[in-house]
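Chain by chain, the residues:
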Amino acid sequence: MYDFPIDAVITWVDGNDPSHKAKRRSYVSGAGEDKSEDIGGETRFASSGEIFCCVGSIFRYAPFVRKIFIVTDSQRPDLDGFISGNFPHARTKVEIVDHKTIFRGYEEFLPTFNSLSIETMLYRIPDLSEHFVYSNDDMFILSPIQPSDWFDGDRAICFGKRFSSSFARVLRKIKPKKDGHKPFGHKDAMLNAADILGSRWFWKMPHSPLPLKKSWYERFYSERPELIGQNACFRFREPTQFNPQALFYIGAMAEGGCIAEPDKGKSLFIKSGKKGYMEKKLAEAEKGNYIYGCINAMDKASDSEREMFMQWFQKRLGLKFMPVNM
């Protein structure tokens, strides 16, 4: 029995917006900072309609979600027609949250183009429920789910597997340079979280929605307030930053506020590839029992690949229409 509300939080940016591009480039300090994919490359900010898939899948497969908070930088996705046309009787509300709201008291760090900095502040969303699920805009749900898929009673469910911090350090050390530096990746930010907590392991998280608890962050940052500024002050990704979600799973797991479940066979990861790749992945999606999916770097896909995915997604969710201009 679940008598508590669950919210969804989605970070989104329309990197195709000329004003956003101009703002971002005005803060570029390094010669390769705007080209390196791990720091500030265009693909980190590109928008190809993924937000419609993300939001639509919550309305279709997780109708118990109380409110969807979309966190953005002085922008607003045009979702009204999509939602009213496909889900006219839905109870879930959508609210746009500007960076200025969650960075209140830390306005000197704005504008920011850094997902790790933004994620550090998500727990500060006004009216955010205690139990919430965080998702990037390129993630979506593929099958009907229940609150118990995200929370076991009051405990958040962590999908993924335990990964050795020592082994992660070895991988970091032998990692080859690209664009003049060693790329700072997802695993590196999780290792930094483990180091903060003195943990010999971290949970390697899949590209899927992540159940979290607001009170854990409130308590942790009240005890370590310096970490907020240290992690949120960078406008672009920086190798010393930690992943706030990994921090939660390590800390909450140790306290009994989180349990782990394997993610094998649950998440489908799609990334633009060679000819025939998209067709193969979508066929895999139909055969498997996937709960979640992620369409990564969709801006790099061909027009035919994007159209193929969107048509498949519309049919999969039984949507009346998807926006034409993606």
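Residues numbered from 1 in each chain as written. Predicted model: local features only at pLDDT ≥ 70, side-chain atom pairs only at ≥ 80, totals over all residues. Heavy atoms only, no water.

Trainee: For the sheet that holds strand β10 (residues 210-213), give the residues involved together with the corresponding values.
Mentor: Ordered in space as β3-β2-β1-β4-β10, the five strands form an open sheet in which the pairing is mixed. Sheet topology places β3 (93-98) and β10 at the edges, where each strand pairs with a single neighbour. Between one strand axis and the next, the sheet turns through 30° on average, direction left out of account. Inspection of the sheet shows strand β4 (residues 131-136) paired to β10 by four bridges, in the antiparallel sense. Counted as the bridge partner of Phe132 is Leu212 from β10. Against the sheet, helix α10 (residues 244-255) engages β4 and β10, with an angle of about 70° to β10. (Pairing = 2+ DSSP bridges. Helix = DSSP H or I, 4+ residues; strand = E, 2+ residues; numbered from the N terminus. Axes fitted to C-alpha atoms, helices over the stretch in contact; angles between N-to-C directions. Contact = heavy atoms within 4.5 Å.)

Trainee: Quick one: what's the story with empty space enclosed by the protein, residue by residue and with numbers?
Mentor: Inspection of the entire model under this criterion finds two cavities of 30 Å³ or more. Counted as a void, the largest cavity has a volume near 70 Å³. What lines the largest cavity is simply Ala8, Ile10, Cys54, Ser57, Ile58, Val133, Ser135, Met139, Phe140, Ile141, Trp150 and Pro209. When the residues that make up the lining of the largest cavity are grouped by side-chain class, the tally is 10 nonpolar, two polar and no charged. The computed volume of the second largest cavity comes to approximately 40 Å³. Forming the walls of the second largest cavity are Glu119, Thr120, Leu122, Tyr123, Phe132, Leu212, Tyr217 and Gln245. When the residues that make up the lining of the second largest cavity are grouped by side-chain class, the tally is five nonpolar, two polar and one charged. (1 Å grid on protein atoms, 1.4 Å probe; cavity = no way out; pocket = protein on both sides within 12 Å on 5 of 7 lines; lining within 4 Å. Points joined across faces, edges and corners; volume = space filled by probe spheres on them. Nonpolar A, V, L, I, M, F, W, Y, C, P; charged D, E, K, R; others polar.)

Trainee: Please provide a residue-by-residue account of the environment of Pro147, values included.
Mentor: Looking at the element boundaries, Pro147 is found in the loop between β5 (139-141) and β6 (151-152). Given the relative accessible area of 15%, Pro147 is considered buried. Linking Pro147 and Pro63, residues 84 residues apart in sequence, is a C-alpha distance of 10.0 Å. (Buried < 20%, exposed > 50% of the residue type's maximum accessible area, 1.4 Å probe, protein only.)

Trainee: Any details on the pairing of β3? Residues and values, ideally.
Mentor: Two strands pair when backbone bridges link them, and strand β2 (residues 67-72) and β3 are joined in this way by six bridges, in the parallel orientation. Note on β3: the bridge partner recorded for Phe69 is Glu95. The handedness of the β2 to β3 crossover, carried by helix α3 (residues 80-86), is right-handed. (Right-handed = clockwise from strand over helix to strand, strands pointing away.)

Trainee: Kindly report on the environment of Met253, identifying the contributing residues and their values.
Mentor: If you trace the backbone, Met253 turns up in helix α10. As for Met253 and Trp150, which are separated by 103 residues in sequence, their C-alpha atoms are 15 Å apart. The residues touching Met253, leaving out its near neighbours within four places in the chain, are Cys158, Trp201, Trp203, Phe248, Cys258, Ile259 and Ala260.

Trainee: A description of the packing of helix α8 (residues 214-223) against α10 should follow, citing residues and the corresponding values.
Mentor: Running from N to C, α8 and α10 point in directions that differ by 95°, and their axes come no closer than 11 Å. By the angle class used here, α8 and α10 are roughly perpendicular. Contacts from Trp216, Tyr217, Arg219, Phe220 and Tyr221 in α8 reach Pro244, Gln245, Leu247, Phe248, Gly251, Ala252 and Glu255 in α10. Looking at the contact of α8 with α10, its residues break down into eight nonpolar, two polar and two charged. (Parallel < 35°, antiparallel > 145°, perpendicular 65-115°, else oblique.)

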